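# What the coordinates show
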Amino acid sequence: MTIRRHLLPLAALALLCPRHGAAQEHAGNDYVVDQWTAETGLPQNSVNAITQTPDGYLWLTTFGGLVRFDGVTFTLYSAARYPGIHSDRALGICVAPDSSLWVGTEDGLTHYARGHFESITTREGLPPGPILGISCDPSGDVWLAMDRQGVVQWHNGRARHFPLGHGASGVNTIVADGHGNAWLGLWFQPPMLLRPTDSVVVARPQDAPPGAIGPMPRGSVTDSSILWRTADGVWIRDGRGLRRVILPAAILRQYAALAIPRSDGGLWVAAYGGVAGVDPAGHYAFYAVPGVGVRFRTRSIFTDRQGTTWVGTETAGLLRLRHRLFTVLTTDDGLSSDLPMGITGDDEGRVYIGSNCQNLTVLDHGHAEIYDGHRAPHLVSGCPWALLHGPGDTVWIGTYGGPVLAWHGRTVRVYGEAQGLPTGLAVGLYLDHHGELWAGTLTAGLAHLHRGRFIAYDTASGLPSDGVNVITETRAGTMWVGTTNGVARRDGDRFTPFTSAAGLAKGPIRSIYEAPDGALWFGSYGGGMSRLKDGRFVTLTTDDGLFEDVVSSITPDAAGYLWTSGNHGIARVSLQELNAFADGRIRAVHAVGYGTADGLLNPETNGGFSPNAWKAPDGRIWFPTLHGVAIVDPARAITAATPPTVEIEGISVDGREWSGPRNTLAFDAGTRSVDVTYTGLKSTAPEALAFRYRLSGDADWTYAGARRTAYFFRPAPGQYQFEVAAAGRDGVWSAVPARITFTIVPPIWARGWFRILCLAAVATAIFLTTRQRLARARAQTATQREFSRRVLDGQEQERRRIASELHDSVGQGILVMKNRAVLGLRATNADGARAQLEQISEIASETLNETRAIAHNLRPYQLDRLGLAATVRGTVERAAAGTGIAFTLDVEDVDGALPSEAEIGLFRIIQEGVNNVIRHSEARNARVTLTRQGDAVRLVVNDDGRGVGAPAGFGLAGISQRVQLLGGSHEMHSEPGGGTTLMVRIPIPARRQ
């Protein structure tokens, strides 16, 4: 069982202050209080201590475990999930110089460093019992307040125990003083200073503030002061020395247990009756928790690096106190209505606020006066919608369904139908550079008041619509009119219309602003914003980062931002970013939206009339909303501009969280998805952070808005560096993005070594193939040379043979015929001459036959006379005559299948084949087959001779060469004793097929 004071170690400090009454019921309105409970992510509603690590995370101790908080998401570290945690009942916490965490629990100490937990209990030398207070010394030591067990200094991995001296009560708080010592708070006793040289906790030091009860743990990681609680206030020791702050009695009555300095020199005080702020002048206010009020018990208070104050409560969870950016005026502040309409003001500080038929309110230096029908009967209408302050302190008022009024002090001049004002509600007012009034009506177009009478313009004059919301005049003197269907530019007495067909935003145009560079910006109802520059419209919507697509007003501030109003709230966007988007230099803008979290009672603003926002001489901007007038000082939003830090929290691969080391992120080829989860750390409105990310090599950022996960589908193999940055409501992006590197490992076939191996294999194959081809080419060349040599030899032999035959036969026959002719001429009688002529005739016939035989060997004349098939039959039969080989012929009609040159070549191949059979085969039977098969002529010469071993003479080489010249192919098969087969295939030209 845990004693109650163990859970509330500072209770004794409060008990020394008598309770005289209840807290004041009023609550401060200069801060907004946000709340998180077990319903919104906490493990339970008691927040015992709060601190912040250098990376920006907040860490909370609860009775449900240790919690990390990024401002949006709670991450619980419990004993059930982390074996190194001994107990979930965490009390105190501190950050060591190495950024690790030390957590005091009800039964030990837990250390957290680099994702690893380690618990230290009695086994490591700690005394038994709860650790009520904990403090980290700059030297790295950790001081523990352990009630009646005294103090433990965890030094270099060992526990140094300092027991209590005689008469000392339990130790409940402890604060390291930065010099190796520790200040102690004891139950119902003055504070003590413990030096490591002391062996026990004993005496009260003389340098403690008089009447001090005990030290308060520092509430900020950057605060080096030490605070003591006294009966009437707080003593603070810091760089300025020792000073005293008297607390109001109303705060003391609520048992003020903790206090921390405030940035303005005041104090935040956490009490058992609530949390209060005290300014340097002693003014104070309690701050209410929505649904709880100002009465609740506090357990811890802390100010982070960005100046945001956090309060841990006993039952109400975690609280955050933030400066209220907007001040809202309502009927409680004297307004005539909580539904304001037009707003304008003068240079003397008076502000005029219209309403929806609830009269006119004038604020004069904080004093509100309502001008109704009784107080100001000269204001003939109680429905002032559009208000405009003009020269001479004249206030122009556009009324609902009535005239336009010019109000000056106690006098009012009415301009209505009698003066030419078109019927209809006057919703837009504007004074041109001549000081003349222009009025836009809801249904009757535009009216110009000139010399006491209105000149009317409508769609017949070129306006795109008769509903006119806003009017403005550029510095160059050009007038522009926004209507319910686009805009129009005045050109003389005519208007030139522009609509969405020209690129303008769709929907009614409610606001027009001329930028310093002369560009015009148009705000629409539902279509976003458009820029007109150099004759070209560019439109932005929420898809491009705009806060919303309703832009009822556009008001510039002194820092280069535009403030807009709409249905979802008030927004702020950088004009520089808008121009960069319109110029195509960025993909999206970062617009910051403001709502109830920033002090607005109702974020929706009123619009559809103009002016519908007013910029005061002091730079503040006033907006009419559906619940009061909202006032913002843009300078406060600028001064709060502190860029958030960004952390990458996790990475998932194919839907599974990566649990391996972060320094070697390598994923297999074929990875379907890589998801990177990140967060931004900024305590002021972290829920409104916007993010952008990119991969290495990308020139442009991808705008993610509030999304905190980047998705990459089927990333290609390679190494990637992921970068992510964040921007808060101030619009300032992180100076240094968070980065993580991962690699998609390519498949084996895409890896470098494999490619090198493949290249080597290909190179080897090319080398071997080339070498083989070269060898074959060399062999073919040698064969061709040998064939050419043999052809030349054959030709020479053929010439000698022909010469010999001509000489021996033809020449001899001619010589004989010559001699016979001489003899015939010498014959003395006719019989003798006749006998010689007969011999000449016989010899001539023989010589002719011999000449034909010689010519046949050169070009078989039968090819021309009989055809290839018949010539082959006759040649084979004549060649086979006189041999002992029985030839069988199977010759089809192949005449005309081949060109003449091819027929001669094939015929010589047949001759060589048959001659080889006769000369070398020693066969008894042979067969010659000549057929036409599809696109080729096929020749087969086979025999049953001796086969392998037959001499390979010039004939076989000649056959091979002739086949190659004819583009054909051939095969030779021979077996010992099994005969020889020659197969030749000669292709038929396509034109002869």
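Heads up: these notes are all about the structure in this document. Every chain is numbered on its own, with residues counted from 1 as its sequence reads. Restriction of local features to residues with pLDDT of at least 70 applies here, the model being predicted, together with a cutoff of 80 or more for giving and counting side-chain atom pairs; totals for whole chains, interfaces and linings are based on all residues. In computing side-chain values, all of the structure's heavy atoms are included and hydrogens and water are not.

So, on to the packing of helix 9 (residues 868-880) against helix 10 (residues 900-921). Structural elements are reduced to axes, namely lines fitted to C-alpha atoms, with helices fitted over the stretch in contact, and the angle between N-to-C directions of any two is expressed from 0 to 180 degrees. Secondary structure elements follow DSSP: runs of H or I no shorter than four residues count as helices, runs of E no shorter than two count as strands, and numbering proceeds from the N terminus. Close contact between helix 9 and helix 10 brings their axes to 11 Å; oriented N to C, the two are set at 20 degrees. The orientation of helix 9 relative to helix 10 falls into the category roughly parallel. Handedness of the crossing formed by helix 9 with helix 10: right-handed. Taken together, the residues of helix 10 that come into contact with helix 9 (itself represented by Leu-868, Thr-871, Val-872, Thr-875, Val-876 and Ala-879) are Glu-903, Leu-906, Phe-907, Ile-910, Gln-911, Val-914 and Ile-918. Each residue is assigned to one class: nonpolar for Ala, Val, Leu, Ile, Met, Phe, Trp, Tyr, Cys and Pro, charged for Asp, Glu, Lys and Arg, and polar for all the others, Gly among them. Residues belonging to the contact of helix 9 with helix 10 are distributed by class as follows: 9 nonpolar, 3 polar and 1 charged. Roughly parallel covers angles under 35 degrees, roughly antiparallel covers those over 145, roughly perpendicular covers 65 to 115, and oblique covers all other angles. By definition, any crossing whose near helix is turned counterclockwise from its far helix by less than a right angle is left-handed, and any crossing with a clockwise turn is right-handed. In this analysis, two residues are considered to be in contact whenever any of their non-hydrogen atoms come within 4.5 Å of each other.

A word on a nonpolar patch on the surface. A grouping of Ile-748, Trp-753 and Leu-757 is seen on the molecular surface, where their side chains present a nonpolar patch of about 340 Å² in accessible area. Along the chain, Leu-757 turns up in helix 6 (residues 752-826). Only residues whose relative accessible area exceeds 30% and that take part in no salt bridge are eligible for patches, with like-charged residues grouped when within 9 Å of each other and nonpolar side chains (Val, Leu, Ile, Met, Phe, Trp, Tyr) grouped when within 5 Å. For the accessible areas, the method is Shrake-Rupley and the probe is 1.4 Å, while residue cover comes only from the protein chains on display. Salt bridges, as used here, are contacts in which a Lys or Arg side-chain nitrogen is within 4 Å of a carboxyl oxygen on Asp or Glu.

Side-chain pairs of opposite charge can arise where the charged atoms are in close proximity. Tallied over the full model, the rule gives 24 salt bridges. Here Arg-89 and Glu-106 are joined by a salt bridge, their closest N and O atoms 2.9 Å apart. In this pair, Arg-89 sits in the loop between strand 5 (74-77) and strand 6 (90-95) while Glu-106 sits in the loop between strand 7 (101-105) and strand 8 (108-113), placing the two residues 17 residues apart along the sequence. For each residue, the accessible area found with a 1.4 Å probe, counting protein chains only, is set against the maximum for its type, and the residue is called buried under 20%, exposed over 50%, and partly exposed in between. By relative accessible area, which is 13% here, Glu-106 ends up buried. In this structure, Arg-927 and Asp-890 form a salt bridge, with 3.9 Å as the shortest nitrogen-oxygen distance. Here Arg-927 is found in strand 66 (residues 925-933), whereas its partner Asp-890 is found in strand 65 (residues 886-891), with 37 residues between them in sequence.

Turning our eyes to something else, we now look at the pairing of strand 30 (residues 350-355). A large share of strand 30 lies buried, amounting to 6 of its 6 residues. Burial along strand 30 is two-sided: Arg-350, Tyr-352 and Gly-354 facing one way and Val-351, Ile-353 and Ser-355 facing the other are all buried. Where strand 29 (residues 340-345) lies against strand 30, 4 bridges are found, and the strand directions are antiparallel. Across the sheet, residue Pro-340 finds its bridge partner in strand 30, namely Ser-355. Pairing geometry for strand 30 and strand 31 (residues 360-364), over 4 bridges, is antiparallel. Counted as the bridge partner of Ile-353 is Thr-361 from strand 31. Linking strand 30 to strand 31, which pair antiparallel, is a turn of 4 residues; within it Cys-357 sits at a positive phi near 65 degrees. By this definition, two strands are paired if DSSP reports at least two bridges between them.

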